[in-house]
Every structure is written in structure tokens, then in C-alpha cells.
Amino acid sequence: MAPSSSSSSWIPTRTTLRRRTQAPKPSSAPALDAADDASSSDEEYDDVCCQECGSGKSPAKLLLCDKCDRGYHLFCLRPILVAVPKGSWFCPCCSSKQNKLKCEFGIPNRFPFIFPTTCQLPLLAGSLDSQRKRKRSGSLVMSKKKRKLLPFNPSEDPERRLEQMRSLATALIASGTQFRDELTYQPGGAPRSANRAALEKGGMQVLSKQDAETLNMCKRMMDRGECPPLMVVFDPTEGFTVEADRFIKDWTIVTEYVGDVDYLKNREDDGGDSMMTLLSAADHSKSLVICPYKHGNIARFINGINNHTPEGRRKQNLKCVRYSVNGECRVLLIANRDIPKGERLYYDYNGDEYEYPTEHFV
């Protein structure tokens, strides 16, 4: 939870304290005019006294424990609180019982001051351990911060982009595939209405609004002829494969996996090696796959790793992620580390199922 900033001035208001402390209202009280409201603010807290000094004065600075409702002046606490903390606050008596939290934050029992809640941590001063605590808290927030997907960065030279497109065209012609950069729904296959992310067993992660706009930006660049900086090359051992034609930053959308969408039950005896899971439904008959044999893009030629060997796993520089986009399933290939120019692209053909045999991969 975000702590209150000690650098900004705090103006105590009765409304804030009542929301924060949940101070009880008198059981019976006459209606107050707006003019009388301020003068009666102290009366609401007449029955609340500070457990440290025993005084009920300065009610605007009385803080009530969220567990036992005992009162404490902000200036009577040790360390002193300069502002009403956001979120839950517990008094010294109640917080001392939270041994589990003590262990989590690593506060030794030898310290004489009360165990702080997370909202009090930035207010501790003069202690090396409290400074270390603040550093840990900051790094934890950074690790939980969601990373945003990045659009691919096309080559600036138009001639180089044409050379990249020619390399893809050569691979598509050799494999008898027509270029498509979106999922296609053919007669006899699964209809578009079958592509419903809500059917995913266990649920499917939803592409955020910002990441969806990044994906749309990639599509618009493709429509302008600005393709991802990738080159399709032929390897005598691996066949057609793809390599980066310029530096690709971590978390970049490299391409979307596309092709004809069909029910898995229709393709269980298919001998192709490029089928991709699109929807893994609880009802097996509704599971969908992407078949890029007749229609596809450069994703078809990106090879997989041998996930049975350490050397094979180290080659992985892309990850395959399925997202719900406007309620439909989509499959994206995303860089999972920085990729230098000239490095070949690889991802793991298997998710958690390990159904695809990769022992023979180089």
C-alpha cells in the first residue's frame, strides 16, 4: 500500500479521520447546521482519550486502532506520525501481536520502538535498519510493477525492409503458404464465433488496454509495409529459420502466430509440425488450434528449442503467450530478453503440457 508522503503538508479534516479511524457516531444527536458543524467536531470525540497521555484534547489528531478502537495522538506515538496513514493502522498493543508480520519484515525483537505497519515505514528515522527496510519495500514494489509490451522497431532503410519481405516470400512460396497476418476462418473449420476466451480452462489472461493498443500499432505498421526487423534464412539442418535483423528489446511484440483456425478434434491425426494451441477448453470438443499450412506469416518459420537439454533451453529468446483480446484468443510471440542483431529466434513449443516431442531438435 502507498504510504503518505511526509514532504506534503497535511491538513487534518474530520471527514478524513472518520473514514480512516471509523470513529463511532453518538447514538443520539440533533441535526447540525453547517455553521455549527465545525464547532461540534470536538464533541464527537469527547469519549475518546489518548492511551499514552490520557487526554482527549486535540481530537483532530486522535488516531483510532482499526482492531481495538483505542485512541492515540499522532504526536504521542513513538515514532511520531506526522500524518494520518493510509490503509489499516494498528496500535502498539495490537501490532505487537503480529509476530508473523515481524518475521516477514525482519524487524529484530531487540528494537524498543513499536513494530510499524507498512504505512508507517517511511516515517521511521535515525535507524540504519529502517533505511534498509525502506529499500526492500521499494524493490518489492518495482518487482510487482506490470511491464508493458513494446512495439517492434522496423528497419529504417526501405531497401532493407524489402529484402526482409523477399526472404519471407521465398519461404512462403517454398512451403506453399499464402501470406496472412491475422487469424483466418475457413469453411469446414471452426467459425469465428467458436473463438471465445471465456471457454479457456482455468481462464485466460486479458491483454491490457495499453498493450492492446501496442498490438494495434504493430498491425498498422504492417499495413504500411513496415515489417518486424526479421530475416528468414535457410539452414541445411534446421530448414527455414528466422533471425533478428536488428536489435530487439526485451518485451517486444515480435509477431502474432496466425493461420487457419480449426477444432483440435478435427486435427488430432494431422501430421503437420506447426499447429499451435489457440484455445484449451474444459470441453475438449471446443478446443481450437491454429494451422498455418495454407495461410500464415513469419511466425511459422520460427523454430523451437530442445527443452530437454540445458543448451537448448539457453537458446530461447522468445516466449509464446496466449491472451484474451476483446474476448477472443490470440497468440503472441514476445521477446523474453534483449536479442542482438544476427541471433536466431527460438521459443519453447511446449507450455505446461510437454506434448510436443523436442528431443530431436538441434
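Refer to the structure above for everything that follows.
Quantities reported herein were computed from a predicted structural model and do not represent experimental measurements. (Residues numbered from 1 in each chain as written. Predicted model: local features only at pLDDT ≥ 70, side-chain atom pairs only at ≥ 80, totals over all residues. Heavy atoms only, no water.)

## Things to note about the side chain of Arg-300
Working step 1: In this fold, Arg-300 is placed in the loop between β10 (295-296) and β11 (303-304).
Working step 2: A polar contact is formed between the side chain of Arg-300 and the side chain of Thr-177, at a distance of 2.7 Å.
Working step 3: If sequence neighbours within four positions are ignored, Arg-300 has contacts with Ser-175, Thr-177, Tyr-257, Ser-274, Pro-292 and Tyr-293. (Helix = DSSP H or I, 4+ residues; strand = E, 2+ residues; numbered from the N terminus. Polar contact = N/O pair within 3.5 Å; in protein donor to acceptor, adjacent residues only side chain to side chain. Contact = heavy atoms within 4.5 Å.)

## Quick look at the pattern of salt bridges
Working step 1: By the definition in use, this model includes 14 salt bridges.
Working step 2: A salt bridge links Lys-219 to Asp-181; the shortest N-O distance between them is 3.6 Å. Here the residue Lys-219 occupies a position in helix α8 (residues 209-223), and Asp-181 occupies one in the loop between β3 (178-179) and α8, the gap between them amounting to 38 residues.
Working step 3: Look at Lys-219 and you get buried, because its relative accessible area is 19%.
Working step 4: Given a relative accessible area of 18%, Asp-181 falls into the buried group. (Salt bridge = Lys/Arg side-chain N within 4 Å of Asp/Glu carboxyl O. Buried < 20%, exposed > 50% of the residue type's maximum accessible area, 1.4 Å probe, protein only.)

## Focus: the nonpolar core
Working step 1: Core analysis: the largest hydrophobic core is formed by 35 residues, its most contacted members being Val-242, Tyr-257, Leu-278, Leu-318 and Leu-345.
Working step 2: Secondary structure elements with two or more residues in this core: α7 (158-175), β4 (230-235), β5 (239-244), β8 (276-279), β9 (288-291) and β13 (328-335).
Working step 3: Take this core: its biggest share by element is 4 residues, from β13.
Working step 4: If we skip the residues at most four places from it in the chain, Leu-278 touches Leu-183, Asn-195, Met-204, Val-261, Leu-288, Val-289, Ile-290, Arg-322, Cys-329, Arg-330 and Val-331.
Working step 5: Leu-149, Leu-215, Trp-251 and Ile-334 belong to the second largest nonpolar core, which has 14 residues in total. (Core = buried A, V, L, I, M, F, W, Y, C linked by side-chain atoms within 4.5 Å.)

## Remarks on the sheet that holds strand β12 (residues 318-325)
Working step 1: With respect to topology, 3 strands assemble into an open sheet ordered β6-β13-β12, the strand pairing being antiparallel. The sheet is open, and its two edges are formed by β6 (253-256) and β12, each paired on a single side. Taking each pair of neighbouring strands and ignoring which way they run, the sheet shows an average axis angle of 35°.
Working step 2: Taken together, the 3 bridges between β6 and β13 define a ladder with antiparallel strand orientation. Across the sheet, residue Glu-256 finds its bridge partner in β13, namely Leu-332.
Working step 3: Sheet strands touched by α8: β6 and β13. Its angle to β6, the strand with the most contacts, is close to 70°. (Pairing = 2+ DSSP bridges. Axes fitted to C-alpha atoms, helices over the stretch in contact; angles between N-to-C directions.)

## What about α7?
Working step 1: Taking 1.5 Å of rise per residue, 18 residues should cover 26 Å, and α7 covers 26 Å from first to last C-alpha, within 8% of that figure.
Working step 2: Residues of α7 that are buried include every one of Arg-161, Gln-164, Ser-167, Leu-168, Ala-171 and Leu-172, and no others. One face of α7 carries all of its buried residues, which in axial projection span an arc of 135°. Seen from the open side of α7, the exposed residues pointing more than 90 degrees away from its buried face are Glu-159, Ile-173 and Ala-174. (Expected span 1.5 Å × (residues − 1). Arc of directions from axis to C-beta.)

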